[in-house]
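Coordinate analysis (summary)
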Amino acid sequence: MMFGYYLDLALRSLRRNKVLTTLMVLALALGIGACITTLTVLKLLSGDPIPQKSAQLFYPQLDPYPANQPFSRSGKRLPFLMSYVDAMNLIHAHKAERQAAMAMSQVKLMPPSGEGKPFYAQGVLATADFFPMFDAPFQYGSGWTAADDDSRAQVVVIAGYLNDKLFGGANSVGKMIRIEDHDFRIIGVLRAWAPQPRFYALHLGGRSYGKGDAVFLPLQGARADGLMPSAMMGYGKSIDVDHLESAEAIWLGLWVQLPNAAAVSTYRSFLGNYAREQVSLGRFRKSHTALSGLMEWMRSEHVVPEDVRLQAGLAFGFLLICVVNTVGLLLAKCLRRSREIGVRRALGASRGAIFAQFMVEAAIVGLAGGVLGLCFAELGLLGIRHQPAQYASLAHLDLSMFLFTFVVALAASLVAGLLPAWRACVVAPAPQLKDA
Amino acid sequence: MEIRPIFSSLRRHRIPALLIVLEIALACAVLCNAVFMIGQRMANIHWPNGIDEAGISVITVNGTDAKLAASNIPRDLAALRGVAGVTAAAAVTSMPLDQSPALTGFTTTPDGKTTVNTSVYFMGRGGEQALGLHLLQGRFFNAEEYADSGLKDFQSTAHVALVTASDAKRLWPGKDALGKQLYANGKSWTVVGVVSDVLAMDPTTSGPGGRYSSVFYPSQPDGMMGNYVVRSAPQDRDRIVREAVQTISALNPGAVVEGKTYARMRSDYFANTSSMVWMLVLVCAVMLAVTVFGIVGLTSFWVGQRRRQIGIRRAVGATRGHILHYFQTENFLLSTGGVVVGMLLAFGINLYLMQHYAMTRMPWYYLPGGAVALWLIGQLAVLGPALRAAAVPPVVATRSV
């Protein structure tokens, strides 16, 4: 097997000049380590939070703002939240397969036994379709119904981790829990469920990454107990906080599930008709509306932190420098061996054989760089896990990134090897032999 | 130093020479932009703030009954003033850099428009001492103003307000701000004092216009005032935070009480920024190291290849200094080529970042700065191989390879 012979030649050549080989592998590994670290974070942050459903989830937007006080200066962006009146009108129209309005709220929880200190947790106030629409998996019990919404039921669904903390993981359905000094009956416990990023909390004041929200409450029932949304924006003289439901304020996010393109276009025209109707009623000044798919919505709202994208760009610049560096060092090694190449050519090795020999050498450098680069990436991710960012604890290398590391390493080293291998295979045999 | 022989020698090694130029160009381009980003972020981390940052601690109380605020807040404040070492204490709605912005757009006419979001602070009696505000003009609030004011639906029911120096200049350029009216949402307030610039609650997202745009209102105790500002000597802060949290927790058993020094609040606010700075510094250092490796590697190879020529030059009378200078000059020429290309590239990257990211134009001096840095690094990298070349004895010339 010629490949075995090239491998042997390459290893011999790499062993002959240990310092140069170490420098090449080290430089390539540093570049790859930096790239894989930043790409892992980028992938984590820009991934699809709910892959099986994201194509069906849409975010409608309306514009109730007065003419002299537009939501955005350019007029291009629509208000990113909805007023209670509009959200309820759209929900009660039932024009989508599923529809739910939601707000986030920091809530005070009291441990059930009465001992232990009260603590704050992230709560979601939502209408009934929230769970089936977002495929939230239940460990015990279930979510509430539209009838519970209407009757302002004092019920709650809690996250699995909260159930572990408060009830030791036992089935707590039917038990009571004290939230913001009101008693709620637990009707469901979720399995571990935390879409990354938390798309439904965008602009509502929740966290974007990290472990999921702790409690889920029926919107109207929780509001009846005085729970306040974390984010609200007024478009009138002031926000009447005692009557948020009728106030000139936007504080709800509305998501709808539309199974196919026909449903999307039907909903789009329904939304347009609704806005025009509101204009004719004098409630709205502008009839423009928007309906964005989940991934499109996250892109347009720049969910991925700018610094993370900058870091990925910087890491690629750095990898490029490392590749150029490897090209230079491989070339130096190869030119130094002109005589050896001359001898092999004179003994009958074809240009292709020489080319293959040098590419094998480059690939070995690449693989070694990949292995070491993986170590650097693990170190880098370890460093990121110690950072204060919300997503820090999630920064782990998954299988696809693990394999991707070797793809990057091989691609980088083979690209770096092309020029030296080409230079090597055009070496003319005769002058090299004469010179000696 | 004659440079023509260097050029003719480089022409014979076109590809390695171009690789060194390319590597230096890329390093220069990335270095200029990375250092620029580091500089910008360091400037953010050190934004000045017109309160006594070194002496302030903040005790945050959540989950109390808002209806009892009128009696609870004075009781809590009295207890806090009793903690040894506390020189002042007051209740406020929020703090600069606390990331929970309460924003309003203020204008100088009843129906004016503004694009600046101003952070709105409500402070209870004694707030100016507790925060350590610096009065530049006018006066602070008096006892009646504190007693008669409050907040309803996030708006002040007071008739007076304090503004920052930046806002005074922005809203009434060239005029005296004292006695002027501030308007927002159909209400108005008289400016009674101007204080030195206090940072916004979330200055990185409020933009340059909103960074020092803050308005202070007086207020009687209110349920919205969830923060107690406690002032002390800097060395007492940690103990005072501990004791204050204990005191307030004991007085409000159902509440969630947290305390931290203001220095800690600032470092929390800038935590992401400072980790980005460290990451940039690390990448720059490693990148420069890799560039040095590359130059060392290529030049060593070069020197090895030309041992014979060096020997001949030495044999015909060149001193060690000549040989050393030859390689140093050669590296200088290559670096010059690299930094010229690199500066163009750096400028191009900066333009790209300005279009796609919130980046400003890089000041011109970063470019020559980066150039000088890479010249020095090039010289440093070439020194080892050049010294080895200079050590080649003339006798090499007489040996047949």
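Residues numbered from 1 in each chain as written. Chains lettered and ligands numbered in written order. Predicted model: local features only at pLDDT ≥ 70, side-chain atom pairs only at ≥ 80, totals over all residues.

Basically, it comes down to this: UniProt positions are given in the numbering used here, feature names are shortened, and annotations may be inferred rather than shown by experiment.
Chain B is annotated in an unreviewed UniProt entry as Putative ABC transport system permease protein from Rhodanobacter glycinis. On record in UniProt, under Subcellular location (unreviewed entry), the comment for chain B is "Cell membrane". Under the Sequence similarities (unreviewed entry) heading, UniProt states for chain B: "Belongs to the ABC-4 integral membrane protein family."

As annotated in an unreviewed UniProt entry, chain A is Putative ABC transport system permease protein from Rhodanobacter glycinis. Word for word, the UniProt comment on chain A under Subcellular location (unreviewed entry) is "Cell membrane".

1. A word on the overall build of chain A
To be explicit about the condition: Helix and strand assignments come from DSSP, with helices taken as H or I runs of at least 4 residues and strands as E runs of at least 2, each series counted from the N terminus. With the radius of gyration taken over C-alpha atoms, the globule rule is written as 2.2 Å times the number of residues to the power 0.38. To sort residues by exposure, count the other C-beta atoms lying within 10 Å of each residue's C-beta; 20 or more gives buried, 12 or fewer gives exposed, and values between give partly exposed, all with C-beta atoms placed from the backbone.
Looking only at helices and strands, chain A features 14 helices and twelve strands. At 30 Å, chain A has a C-alpha radius of gyration far larger than the 22 Å of a compact globule built from 436 residues. Among the 436 residues that make up chain A, the fraction classed as buried is 45%.

2. Brief notes about the interface of chain B and chain A
The condition that has to hold: Our contact criterion uses C-beta atoms placed from the backbone: two residues qualify when those atoms are within 7 Å.
Contacts between the two partners involve 39 residues from chain B and, on the opposite side, 38 residues from chain A. For the side of chain B that touches chain A, the secondary-structure elements that each account for two or more residues are helix H2 (14–45) and helix H10 (271–305) of chain B.

3. Concerning the nonpolar core
The tendency in soluble globular proteins is for nonpolar side chains to be buried side by side. Convention followed: The nonpolar core is taken to be a set of buried Ala, Val, Leu, Ile, Met, Phe, Trp, Tyr and Cys residues joined by way of C-beta atoms within 7 Å.
Counting residues in each nonpolar core, the largest one holds 110 residues, and the members touching the most others are Leu28 and Phe318 of chain A together with Cys28 and Val30 of chain B. Elements supplying a minimum of two residues to this core: helix H2 (18–46), helix H10 (306–336), helix H12 (351–385) and helix H13 (399–425) of chain A together with H2, H10, helix H12 (320–356) and helix H13 (366–390) of chain B. The element best represented in this core is H2 of chain B, accounting for 17 residues. When neighbours within four sequence positions are excluded, Val30 of chain B is seen to be in contact with Leu314, Gly317, Phe318 and Ile321 of chain A together with Met287 of chain B. Among the nonpolar cores identified, the runner-up in size contains 72 residues, and Phe134, Ala159, Val189 and Ala275 of chain A belong to it.

4. Brief notes about the packing of H12 of chain B against H13 of chain B
Residues and elements named next belong to chain B. For clarity, the cut-off: For every element, the axis is a line fit to its C-alpha atoms; helices are fit only across the contacting stretch, and the angle between N-to-C directions ranges from 0 to 180 degrees. Angles are sorted into four bins: roughly parallel if under 35 degrees, roughly antiparallel if over 145, roughly perpendicular if 65 to 115, and oblique for all others. In this scheme the handedness of a crossing depends on how the near helix is turned from the far one: anticlockwise by less than a right angle means left-handed, clockwise means right-handed. Gly is put with the polar residues, along with every residue not named as nonpolar or charged; the nonpolar set is Ala, Val, Leu, Ile, Met, Phe, Trp, Tyr, Cys and Pro, and the charged set is Asp, Glu, Lys and Arg.
Look at H12 against H13: their axes get within 8 Å of each other, and the N-to-C directions meet at 150°. The angle between the axes of H12 and H13 places the two elements in the roughly antiparallel class. Note that H12 runs across H13; the crossing there is right-handed. Partitioned by chemical class, the residues of the contact of H12 with H13 number 18 nonpolar, eight polar and one charged.

5. Notes on the domain arrangement of chain A
All names here are of chain A. Going by this rule: Those domain boundaries reflect an automatic or database domain assignment.
Annotation of chain A at the domain level lists domain 1 (2–48 + 305–435) and domain 2 (63–288). Placing the centre of domain 1 and that of domain 2 at their C-alpha centroids yields a distance of 50 Å. Contact with domain 1, which involves seven residues of that partner, is made by six residues of domain 2. The residue makeup of the side of domain 1 that touches domain 2, split by class, is four nonpolar, three polar and no charged.

6. With respect to the UniProt feature "transmembrane region" (unreviewed entry) in chain B
The feature "transmembrane region" (unreviewed entry), as given by UniProt, occupies residues 15–39, 276–304, 332–353 and 365–383 of chain B in the numbering adopted here. Here residues 365–383 of chain B is 95% helix and 0% strand, with 27 Å between the C-alpha atoms at its ends.

7. Points about the UniProt feature "domain: MacB-like periplasmic core" (unreviewed entry) in chain B
Here, the residues flagged by UniProt with the feature "domain: MacB-like periplasmic core" (unreviewed entry) are residues 68–239 of chain B. In residues 68–239 of chain B, the share of helix is 24% and the share of strand is 30%. The end C-alpha atoms are 28 Å apart.

8. Observations concerning the UniProt feature "transmembrane region" (unreviewed entry) in chain A
All names here are of chain A. The UniProt feature table records "transmembrane region" (unreviewed entry) at residues 312–332, 353–379 and 399–419. Annotation note: span residues 353–379, helix share 100%, strand share 0%, distance between end C-alpha atoms 39 Å. The distance separating the terminal C-alpha atoms of residues 399–419 is 32 Å; by composition the span is 100% helix and 0% strand.

9. So, H2 of chain A
Side chains three or four residues apart in an α-helix point the same way, a direct result of the helix having 3.6 residues per turn. Note the cut-off: In this scheme, a helix's expected span is set at 1.5 Å multiplied by one less than its residue total.
With 29 residues, H2 of chain A ought to run about 42 Å at 1.5 Å a step, and its terminal C-alpha atoms sit 41 Å apart, in line with that. Judged by how many residues are buried, H2 of chain A sits mostly within the fold: 22 of 29 residues are covered.

10. Here we look at the pairing of strand E9 (residues 181–184) of chain B
Residues and elements named next belong to chain B. Selection criterion: By this definition, two strands are paired if DSSP reports at least two bridges between them.
Residues Leu182 and Ala184 of E9 are buried on one face, while the alternating residues Gln181 and Tyr183, pointing to the opposite face, are not. Looking at chain direction, E9 and strand E10 (residues 187–195) are connected through four bridges and run antiparallel. Among the inter-strand pairings, Ala184 is bridged to a residue of E10, identified as Lys187. Taken together, E9 and the strand that follows it, E10, pair antiparallel across an intervening segment of two residues, in which Asn185 is found at a positive phi of about 50°.

11. Points about the domain arrangement of chain B
The domain architecture assigned to chain B consists of domain 1 (4–46 + 272–398) and domain 2 (64–254). Summarising the inter-unit geometry, the C-alpha centres of domain 1 of chain B and domain 2 of chain B are found 54 Å apart.

12. Regarding the environment of Arg41 of chain B
All names here are of chain B. Relative to the helices and strands, Arg41 is located in helix H2. With 18 C-beta atoms counted inside 10 Å, the residue Arg41 sits in the partly exposed group. With 161 residues separating them along the chain, Arg41 and Asp202 place their C-alpha atoms 15 Å apart. With residues near it in sequence (within four places) discarded, Arg41 still touches Thr273, Met276 and Val277.

13. Some remarks on the packing of H10 of chain A against H2 of chain B
Running from N to C, H10 of chain A and H2 of chain B point in directions that differ by 160°, and their axes come no closer than 10 Å. Compared by their axis directions, H10 of chain A and H2 of chain B come out roughly antiparallel. Classified by chirality, the crossing of H2 of chain B by H10 of chain A is left-handed. Residue-level inspection shows Leu314, Gly317, Phe318, Leu320, Ile321, Val324, Asn325, Val327, Gly328, Leu331 and Ala332 of chain A of H10 of chain A in contact with H2 of chain B, the latter providing Ile15, Pro16, Leu19, Ile20, Leu22, Glu23, Leu26, Ala27, Val30 and Ala34 of chain B.

14. Notes on H13 of chain B
Residue and element names in this part refer to chain B. As a reminder, the rule being used: Throughout, the bend at a residue refers to the angle made by two axes, fitted to the seven residues ending there and to the seven starting there.
Here H13 contains 25 residues, and its C-alpha end-to-end distance of 35 Å stays within 8% of the 36 Å for a straight helix at 1.5 Å per residue. Along its length, H13 shows its largest kink, about 40°, at Leu383, and proline Pro385 lies within four residues downstream of that point. Buried residues of H13: Leu367, Gly370, Ala371, Leu374, Ile377, Gly378, Ala381, Val382, Pro385, Ala386, Ala389 and Ala390, and no others. Buried-residue contacts for H13 involve H2, H10, helix H11 (307–315) and H12.

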